Amino acid sequence: MEREILFAKTLEQVKKQGRTQGNRISKEQVREAFAPLALDEGQLSLVYDYLEKHQIGVDKEASVETELTAEETDYLQEYLASLKELTEITGGEREAVFLSSMAGDLSAQKRLMEVFLPKVPEMARIYAGQGVYLEDLIGQGNMALSEGVSMLGAAESVQDAEGMLAWIIMDSMEKLIAEGVTNRSADRKLEDRVNHIADKARELAEDLRRKVTVKELAEETGIPEEEIRDVYRISGYVIEDLED
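### Quick notes on the nonpolar core
Next, step 1: In this structure, Phe7, Val30, Phe34, Leu51 and Leu112 are the most contacted members of the largest nonpolar core, which totals 53 residues.
Next, step 2: Here the element with the most residues in this core is helix H9 (residues 158–208); it accounts for 11 residues.
Next, step 3: Beyond its immediate stretch of four places on either side in the chain, Phe34 contacts Phe7, Thr10, Leu11, Val14, Leu39 and Val47.
Next, step 4: Listed in part, the 15 residues of the second largest apolar core include Ile197, Ala201, Ile223 and Ile239.

Written out as structure tokens, the structure reads:
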């Protein structure tokens, strides 16, 4: 929660700084302000977009967005079309909804979710192309949003609350991507183990001119029988030159 509050406060400070500079702020100033949070390029891009939407121009680099696949583009169009049914919100109602949500009003929190739903695909779009489907990023962001609207009691202002929600959603997408990287790494390690056992089994089978047993392979390679059996099972018992 401390990180979310710091993000919200920094976002508000950056916005105020931009206002005092004639509604302009440099990319370097934004980076400096958020340095303690160590934001990545995707997160900084979302901050830039947020500032632009609040009429504060940002001298930013080329967009870090990645081209979507045809399937992702179709999904995004359909999803955005479904959000058009949500009723618009006025500036005064928006502030009231935030304040009531911060006070714990459940109906206001539900309305706040509707207000923020269109922002989730905008954030997901920034994180596309990093090994997670756009649909999954949006789903993750929506879950974070549903939890985040009930966590705004620590915010000191509407601006802080808005910043907290943005951070909570971004952070959830970052974690989903990180989990995907970890899982892919584990899959590669498992694949390497299977290939290693298969290669050793093939080498011994060529020498013996027949399939080899787990016990024979263990004696030949020094790999524990249990490890060989585990890998054999994980492979679906399809290591061609090995038999139990």
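There is more to say, and it comes next.
### Some thoughts on the packing of helix H7 (residues 119–127) against helix H8 (residues 134–148)
Next, step 1: For the pair H7 and H8, the least separation of the axes is 9 Å and the interaxial angle reads 135 degrees. In terms of axis orientation, H7 runs oblique to H8. The handedness of the crossing between H7 and H8 comes out as right-handed. Along the contact surface, H7 presents Val120, Pro121, Ala124, Arg125 and Tyr127, while H8 presents Leu134, Leu137, Ile138, Gly141, Asn142 and Leu145.
Next, step 2: Partitioning the contact of H7 with H8 into residue classes produces 8 nonpolar, 2 polar and 1 charged.

### A closer look at the environment of Ile138
Next, step 1: Along the chain, the position of Ile138 falls in helix H8.
Next, step 2: Each C-alpha atom of the pair Ile138 and Ile169 lies 9.5 Å from the other, and the pair is 31 residues apart in sequence.
Next, step 3: Those residues within four positions of Ile138 in sequence are excluded, and the remaining contacts are Tyr75, Leu76, Tyr79, Val120, Pro121 and Ala124.

### Looking at the packing of aromatic side chains
Next, step 1: For the structure shown, the criterion picks out 5 aromatic pairs.
Next, step 2: Ring geometry for Phe7 and Trp167: centres 5.1 Å apart, planes at 35 degrees, overall tilted. With Phe7 in helix H1 (residues 2–20) and Trp167 in helix H9, the pair connects residues that are 160 residues apart, well separated along the chain. As far as the burial class goes, Phe7 and Trp167 line up, both buried.
Next, step 3: With a centroid separation of 6.2 Å and 80 degrees between ring planes, the pair formed by Phe98 and Phe116 is classed as edge-to-face. Here the residue Phe98 occupies a position in helix H5 (residues 91–102), and Phe116 occupies one in helix H6 (residues 106–116), the gap between them amounting to 18 residues. When sorted by exposure, Phe98 lands in the same class as Phe116, which is buried.
Next, step 4: In this structure an aromatic cluster arises from ring pairing among Phe7, Phe34 and Trp167.
Next, step 5: Note that Lys119 overlies the ring of Phe116, its terminal NZ or CZ placed 5.7 Å from the centroid.

### Things to note about the pattern of salt bridges
Next, step 1: Taken as a whole and assessed by the stated rule, the structure comprises 12 salt bridges.
Next, step 2: We note a salt bridge from Glu114 to Arg111, for which the minimum N-O separation is 3.0 Å. In this pair, Glu114 and Arg111 both sit in helix H6, 3 residues apart, roughly one turn of the helix.
Next, step 3: For Arg111, a relative accessible area of 13% gives the class buried.
Next, step 4: Across the pair Asp199 and Arg202 runs a salt bridge whose closest N-O atoms are separated by 2.9 Å. Of this pair, Asp199 and Arg202 are both found in helix H9, 3 residues apart, which corresponds to roughly one turn of the helix.
Next, step 5: Under the relative-accessibility criterion, Asp199 is labelled partly exposed at 31%.
Next, step 6: Classification of Arg202 as partly exposed rests on a relative accessible area of 37%.
Next, step 7: What you see here is one network of salt bridges that share partners, running through Lys9, Glu156 and Asp160.

### A short note on unusual backbone geometry
Glycine aside, residues mostly have negative phi, and peptide bonds are mostly found in the trans state.
Next, step 1: Even without glycine at this site, Ala38 takes up a positive phi of about 50 degrees.
Next, step 2: Inspection of the secondary structure assignment puts Ala38 in the loop between helix H2 (27–34) and helix H3 (41–53).
Next, step 3: Notably, Arg209 is not glycine yet its phi reads approximately 60 degrees, a positive angle.
Next, step 4: For Arg209, a relative accessible area of 77% corresponds to the exposed category.

### Section: the side chain of Asn142
Next, step 1: Relative to the helices and strands, Asn142 resides in helix H8.
Next, step 2: Among residues more than four places away in sequence, those in contact with Asn142 are Tyr79, Met113, Leu117 and Val120.

Conventions used here
- Residues numbered from 1 in each chain as written.
- Predicted model: local features only at pLDDT ≥ 70, side-chain atom pairs only at ≥ 80, totals over all residues.
- Heavy atoms only, no water.
- Core = buried A, V, L, I, M, F, W, Y, C linked by side-chain atoms within 4.5 Å.
- Buried < 20%, exposed > 50% of the residue type's maximum accessible area, 1.4 Å probe, protein only.
- Helix = DSSP H or I, 4+ residues; strand = E, 2+ residues; numbered from the N terminus.
- Contact = heavy atoms within 4.5 Å.
- Axes fitted to C-alpha atoms, helices over the stretch in contact; angles between N-to-C directions.
- Parallel < 35°, antiparallel > 145°, perpendicular 65-115°, else oblique.
- Left-handed = near helix turned anticlockwise from the far one by under 90°.
- Nonpolar A, V, L, I, M, F, W, Y, C, P; charged D, E, K, R; others polar.
- Phe/Tyr/Trp six-rings, centres within 6.5 Å; stacked < 30°, edge-to-face > 60°.
- Lys NZ or Arg CZ within 6 Å of the ring centre and 35° of its normal.
- Salt bridge = Lys/Arg side-chain N within 4 Å of Asp/Glu carboxyl O.

Honestly, it's all geometry; don't read function into it.
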